[in-house]
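The residues making up each chain are set out below.
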Amino acid sequence: MVVHHKFVVSIPEKLQPEQAAPLLCAGVTAYSPLRQLRGAGEGLRGGILGLGGVGHVGVKIAKAMGHHVTVISSSDRKRREALDALGADAFLVSSDDEKMAEAAESLDYILDTVPAVHSLELYLSLLKVDGKLILVGVAPKPLQLETTAVILGRKSITGSLIGSVEETEELLEFWGEKGLTSMIEVVKMEYVNKAMERIEGNDVRYRFVLDVAGSNLH
């Protein structure tokens, strides 16, 4: 593969290639907006909405930055995974009206990784005054909301797309220094079609990594 030198990053020796792979897209997508919050210092209370490929690395990064992290999901299915495997501090089911009401105005930011149409107002209610909802999941249709959901509490909605080469290199160093790992499943080329079927069925935790060197390409 021939690549322009501006788009090549160096993988630290202490970081295994299969661990670096998810960081080059999902990882830096979460890291870039969280990096912008560093000036606020440790102790921020953040929410990660959606526990998929981007969401699960978002939990790891936010925790490593010293944030109190709440995973927000539409069901209770991933609770133990979020708390035990990923180290989140809390888990909130968005369909639980009572718990959502208890959590109102408790978060400084929410990293919204959901790539589907969903209610923004429901999650804006969880933000403190001047709280920020950061969109990184690309919904297939426009999202709508009542303007009062933003006006009350001076809340803001912003977005972020992947990240720069500089931020990618910074993340690779950060990941290695913190000794973090992402949840991956390494597969060979002959498994690609099956892997695609499993992706369509939402049956992967949380990224497939393709082992080209170890595959039979003949």
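The rules behind the values
Residues numbered from 1 in each chain as written. Predicted model: local features only at pLDDT ≥ 70, side-chain atom pairs only at ≥ 80, totals over all residues. Heavy atoms only, no water. UniProt positions renumbered as here; feature names shortened; annotations may be inferred. Helix = DSSP H or I, 4+ residues; strand = E, 2+ residues; numbered from the N terminus. Salt bridge = Lys/Arg side-chain N within 4 Å of Asp/Glu carboxyl O. Pairing = 2+ DSSP bridges.

In the annotation of an unreviewed UniProt entry, the chain is listed under the name Cinnamyl Alcohol Dehydrogenase 1 and assigned to Asarum sieboldii.

Caption draft 1: Looking closely at the UniProt feature "domain: Alcohol dehydrogenase-like C-terminal" (unreviewed entry) in the chain. Look at the UniProt record and you will see "domain: Alcohol dehydrogenase-like C-terminal" (unreviewed entry) annotated at residues 53-174. Taken end to end, residues 53-174 has its terminal C-alpha atoms 18 Å apart, with 36% of it in helix and 24% in strand.

Caption draft 2: Up close: the pattern of salt bridges. Tallying each qualifying case throughout the model produces 12 salt bridges. The shortest N-O distance in the salt bridge between Arg 79 and Asp 76 comes to 2.6 Å. Glu 185 is paired through a salt bridge with Arg 198; the nearest N and O atoms lie 2.9 Å apart. On the criterion of sequence distance, the pair formed by Glu 185 in strand E7 (residues 184-188) and Arg 198 in helix H9 (residues 192-200) is long-range, its members being 13 residues apart.

Caption draft 3: Molecular detail of the pairing of strand E5 (residues 127-135). Here strand E4 (residues 107-112) pairs with E5 via five bridges, running parallel. Within the sheet, the bridge partner assigned to Asp 112 lies in E5 and is Leu 135. Pairing of E5 with strand E6 (residues 156-159) involves four bridges; the strand directions are parallel. Following the sheet pairing, Ile 134 is matched in E6 by Thr 158.

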